[in-house]
Amino acid sequence: MIPDWEAERRAMVDTQLRRRGIRDPRVLRALEQIPREEFVPAEARLLACADDPVPIGHAQTISQPYMTALMAELLELTGVENVLEVGAGSGYHAAVLGALAATVVTLELIPGLAHAARRNLARTGCDANVLVVCGDGSFGHPELAPYDAISVAAAAPEIPAALLDQLNDPGRMVIPVGERLDQELRVISKRNGVIQSRVASLCRFVPLRGQEGWR
Ligand code: SAH
């Protein structure tokens, strides 16, 4: 039987997000409306709204819905921002950011995933303000900088200097930082030239590769 995806997404938002403290109504609406099931490979579709990361091929995963919602909420987007994402994966998180901000550029190292992300975004009509670029995101994307918000979907040993550089003032970045298997989700804010960092939660992300990531 084909699941009623709208009902599945509503239940996902209620039990996994609202109940765990996600409050931003725009974030809740985005996760309710964006067809997450269209961003996971066909063989994993039944797990699309599960409370777990889902494999998307190439040893990568689409983050757990709660993590996508938490990261989006922490950026405090209002709709006017230029956003950079590092790690497009399936394109799902970029679609969520696209619903919350003015423009999104998302970088993906693996060509097959960049291609899949573009296809998923186009098929769901979420591509109007989202650009997928294939390349090493640990350098950011200077061509469209500065970014009012940066969302990093892979764990880095340190905050890549290029990303901090390309963050607008004022601006905000969410990034998992730490060891290969255990990290802290950090919120970095830049205001009047002052950079502040706080830990929002513990987390486990796939490693950031590339020049400034894990070799
Ligand atoms: N946001 C994604 C999940 C991303 S998983 C989604 O919603 O589906 C992390 C992604 O980061 C993987 O696709 C991985 O290939 C990518 N990645 C890892 N290192 C990278 C780098 N240096 N530059 C760009 N992408 C990178």
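Here the structure is shown first, and the text comes after it.
Caption draft 1: Fine view of the pairing of strand E5 (residues 130-134). Relative to E5, strand E4 (residues 103-108) runs parallel, the two being bridged by five bridges. The residue bridging Val104 from the neighbouring strand is Val130, located in E5.

Caption draft 2: Layout of the sheet that holds strand E6 (residues 147-152). Strands sit in the order E5-E4-E3-E6-E7-E8-E9 across an open sheet of seven strands; the sheet is mixed. Strand pairing shows two members of the sheet lacking a second neighbour, E5 and strand E9 (194-203), which therefore form its edges. The mean inter-strand angle of the sheet, taken between neighbouring strand axes irrespective of direction, is 15°. Those strands touched by helix H3 (residues 65-74) are E6, strand E7 (167-178), strand E8 (183-191) and E9, and its axis lies near 160° from that of E9.

Caption draft 3: Fine view of the packing of helix H1 (residues 5-17) against helix H2 (residues 25-33). Two numbers describe how H1 lies on H2: the axes approach to 8 Å, and their chain directions differ by 140°. It follows from the interaxial angle that H1 and H2 lie oblique. Here H1 and H2 pass one another in a crossing that is right-handed. Between H1 and H2, the contacting residues are Arg9, Arg10, Met12, Val13 and Leu17 on the first element and Leu28, Leu31, Glu32 and Gln33 on the second.

Caption draft 4: Representation of the nonpolar core in the model. Counting 51 residues, the largest nonpolar core has Leu17, Ile22, Leu31, Ile34, Leu77, Tyr92 and Val96 as its most contacted members. Elements with a minimum of two residues in this core: H1, H2, strand E1 (54-57), H3, helix H4 (92-100), helix H5 (111-123), E5 and E8. In terms of residue count, H3 provides more of this core than any other element does, seven residues in total. If we ignore the near neighbours within four places in the chain, the residues touching Val96 are Ala30, Leu31, Ile34, Thr68 and Ala72. Among the nonpolar cores identified, the runner-up in size contains 16 residues, and Val86, Leu107, Met173 and Ile188 belong to it.

Caption draft 5: Inspection of the site of the ligand at higher detail. Around the ligand sit 24 residues, and of these Ser90, Glu108, Asp136, Gly137 and Arg209 come closest. Between the ligand and the protein, one listed contact pairs a nitrogen atom with a backbone N or O atom of Leu109 at 3.2 Å. Backbone polar atom of Gly137 to a nitrogen atom of the ligand: 2.7 Å apart, as the coordinates give it. Starting from 590 Å² of accessible surface for the ligand in isolation, the protein chains cover 99%. Going through the elements one at a time, strand E2 (60-62), H4 and E4 are the ones with two or more residues in the shell around the ligand. Of all the elements, E2 adds the most residues to the shell around the ligand, at three residues.

Parameters at a glance
- Residues numbered from 1 in each chain as written.
- Predicted model: local features only at pLDDT ≥ 70, side-chain atom pairs only at ≥ 80, totals over all residues.
- Heavy atoms only, no water.
- Pairing = 2+ DSSP bridges.
- Helix = DSSP H or I, 4+ residues; strand = E, 2+ residues; numbered from the N terminus.
- Axes fitted to C-alpha atoms, helices over the stretch in contact; angles between N-to-C directions.
- Contact = heavy atoms within 4.5 Å.
- Parallel < 35°, antiparallel > 145°, perpendicular 65-115°, else oblique.
- Left-handed = near helix turned anticlockwise from the far one by under 90°.
- Core = buried A, V, L, I, M, F, W, Y, C linked by side-chain atoms within 4.5 Å.
- Buried < 20%, exposed > 50% of the residue type's maximum accessible area, 1.4 Å probe, protein only.
- Near = heavy atom within 4 Å.
- Polar contact = N/O pair within 3.5 Å; in protein donor to acceptor, adjacent residues only side chain to side chain.
- Areas by Shrake-Rupley, 256 points an atom, 1.4 Å probe, with all protein chains shown as cover.

Coordinates in, geometry out; function isn't part of it.
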